[in-house]
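Coordinates in review
Residue strings, one per chain:
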Amino acid sequence: MRILLTNDDGIHAEGLRALAEVAAEFGTVKVVAPDRERSACGHSMTMRDPLRVKAVNYQGGLEAYEVNGVPVDCVNVGLTLAWPDGCDLVLSGINNGPNMGFDVTYSGTVAGAMEGCINGIRSVAMSMALFADGAPLHYATAQAWLREHFSWLATCPLQPLTFLNVNVPAIDLPELRGTRVVEMGKRVYEDRVEMRQDPWGRPYYWQGGVVIVDAREPGTDVSATSQGFVSVTPISLNWTATAQMPALEHSLPHHAGRTP
Ligand code: MN
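A brief structural summary. Small disclaimer: the values here were computed from a predicted structure and weren't measured. (Residues numbered from 1 in each chain as written. Predicted model: local features only at pLDDT ≥ 70, side-chain atom pairs only at ≥ 80, totals over all residues. Heavy atoms only, no water.)

This paragraph deals with the overall build of the chain. Looking only at helices and strands, one finds six helices and 13 strands in the chain. For the chain, whose C-alpha radius of gyration is 20 Å, the value lies close to the compact-globule estimate of 18 Å for 260 residues. Dimensions of the chain, computed from the C-alpha atoms along their principal axes, are close to 70 × 50 × 45 Å. Taking as baseline every contact in the chain between residues at least 6 positions apart, the subset at least 24 positions apart corresponds to 76%. For the chain, the computed accessible surface area is about 14000 Å², with 53% contributed by carbon and sulfur atoms. (Helix = DSSP H or I, 4+ residues; strand = E, 2+ residues; numbered from the N terminus. Rg over C-alpha atoms; globule rule 2.2 N^0.38 Å. Contact = heavy atoms within 4.5 Å. Areas by Shrake-Rupley, 256 points an atom, 1.4 Å probe, with all protein chains shown as cover.)

Listed below in C-alpha cells is the structure:
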C-alpha cells in the first residue's frame, strides 16, 4: 500500500511521527508536511508564492519532505514529487487537539484529508480529542487504535468524494470504550474576539475564545469522544443542502418575462 502522510502541526510534530510509525507497518510511507506549524489554516492553498521543498531525514529512514506551505500544498506537492503515479491512502495528523463540529472547517488537518479526497484517494484525518490544556495527549492510544483499524480504514465502504474524520479521546488505552460512527457535532465559541491594548494604548484583537461544547447532543463526535469512544465521521465534499432545494426553488420570485 502506497501511503502519503501530512499534517498541520509541522514535519517535526510528535503526532506525525506517531502516525508514521504505525503506517509504516502497513505499507510504503512517504511524508510531506509543512516546515512549521500551520494549524487553523483550513483548506487554503498557496498560489502567489513559490513552494520550496526540502528532503529531510526522518525516523525509520522514511522518504520525507518539508514544504513552506499548508497541508493542501503538501498533498499536491506529495502527489507530484513523492507519489507521481498516485497513492492508495492519504493520512493527515495526528493533530495535537480535537477537530470536531464546525472546527472541521478551520482545520488544516482535515483539509489535508479533504485534498487527498479531491484527488480521488481514500483519505483519513486523525486528531487527539484533548480538552484540557497541558494534559497528556496519549498518542499511544491512537497508535493502538490505528493498528487495530488500519485495514478497516483502508477498505471500509466509502462513497466517492467522501473522507473520514477520526478523533481519538486523549485517555489511556484501557479506558478506551470502543468506536462510534457519528455525525459532526457543534462547537460554538463564546467571547470569540478579545480586545486588548498594546503598550501605547492602541487596541488590538486576539481571536480564540472559550469553546462551548455541548456533549449532550447524542450521536455526535463531541459526545462520543467525551464518553471515551473514538469518533469516526464520514464527511462529504458535496456541501449542497439537497433537502432544501425544492422549497428554495418554489420560493423564487415569479419571472415576469416568461409565461408559465
Ligand atoms: Mn494542528
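On to the coordination of the manganese ion, then. Put simply, the ideal angle at a metal is 109.5 degrees for four donors in tetrahedral geometry and 90 or 180 degrees for six donors in octahedral geometry. In this structure, D8 (OD), D9 (OD), S39 (OG) and N95 (OD1) serve as the protein donors to the manganese ion, at separations of 2.1 to 2.3 Å. Of note, the donors binding the manganese ion are all from one chain and are spaced D-D-x29-S-x55-N. One end of the pair, D8, is in the loop between β1 (2–6) and α1 (14–23); the other, S39, is in the loop between β2 (28–34) and β3 (53–55), with 31 residues separating them in the sequence. You can call D8 buried: its relative accessible area is 2%. For S39, a relative accessible area of 31% corresponds to the partly exposed category. (Donors = N, O, S within 2.8 Å, 3.2 Å for Na, K, Ca; no water. Buried < 20%, exposed > 50% of the residue type's maximum accessible area, 1.4 Å probe, protein only.)

Of note, E115 is situated in helix α3 (residues 108–118). An unpaired buried charge is present at E115: no salt bridge exists, and R38, the closest side chain of opposite charge, is 15 Å distant. Within the local environment of E115, its side chain forms a polar contact with the side chain of N76, the two groups lying 2.9 Å apart. Setting aside its immediate chain neighbours within four residues, E115 contacts H43, V72, V75 and N76. (Lys, Arg positive; Asp, Glu negative; His and termini not counted. Salt bridge = Lys/Arg side-chain N within 4 Å of Asp/Glu carboxyl O. Polar contact = N/O pair within 3.5 Å; in protein donor to acceptor, adjacent residues only side chain to side chain.)

Right, let's get into the pairing of strand β6 (residues 122–129). Across the eight residues that make up β6, a large majority, eight, are buried. Both faces of β6 are covered, namely the face carrying R122, V124, M126 and M128 and the face carrying S123, A125, S127 and A129. Since strand β5 (residues 89–95) and β6 lie parallel, the crossover through α3 that links them has a hand, and here it is right-handed. Where β6 meets strand β7 (residues 162–169), six bridges bridge the pair, whose relative direction is parallel. Among the inter-strand pairings, M126 is bridged to a residue of β7, identified as V166. (Right-handed = clockwise from strand over helix to strand, strands pointing away. Pairing = 2+ DSSP bridges.)

The next subject is the packing of α1 against helix α4 (residues 139–155). Taken N-terminus to C-terminus, the directions of α1 and α4 make an angle of 30 degrees; their axes are 10 Å apart at the nearest point. As far as their axial angle goes, α4 and α1 are roughly parallel. In terms of crossing hand, the pair formed by α1 and α4 is right-handed. Together, E14, G15, A18, L19, E21, V22 and A23 of α1 and Y139, Q143, L146, R147 and F150 of α4 make up the contact between the two elements. In terms of residue class, the contact of α1 with α4 is made up of seven nonpolar, two polar and three charged. (Axes fitted to C-alpha atoms, helices over the stretch in contact; angles between N-to-C directions. Parallel < 35°, antiparallel > 145°, perpendicular 65-115°, else oblique. Left-handed = near helix turned anticlockwise from the far one by under 90°. Nonpolar A, V, L, I, M, F, W, Y, C, P; charged D, E, K, R; others polar.)

Burial analysis of α3 places ten of its eleven residues in the buried class, the great majority of the element. When we look at burial in α3, the residues that qualify are G108, T109, V110, A111, G112, A113, M114, E115, G116 and C117. Where α3 is buried, its residues contact β1, α2 (71–82), β5, β6 and β7.

With an omega dihedral of -5 degrees, the bond running from G93 to I94 counts as a cis peptide bond. Inspection of the secondary structure puts I94 in strand β5. Despite not being glycine, L161 has its phi angle at roughly 60 degrees, a positive value. With respect to the element layout, L161 can be found in the loop between α4 and β7. For L161, a relative accessible area of 49% gives the class partly exposed.

What links the strands of a sheet is backbone hydrogen bonding, and the strands pair in either a parallel or an antiparallel sense. Taken in spatial order, the nine strands line up as β3-β4-β2-β1-β5-β6-β7-β13-β8 in an open sheet, and their pairing is mixed. Looking at the sheet topology across the chains shown, the edges are occupied by β3 and β8 (178–181). Within the sheet, the average angular offset between the axes of one strand and its neighbour, ignoring direction, is 20 degrees. Lying on the sheet, α2 is in contact with β1, β2, β3, β4 (63–67) and β5; it crosses β2 at an angle near 140 degrees.

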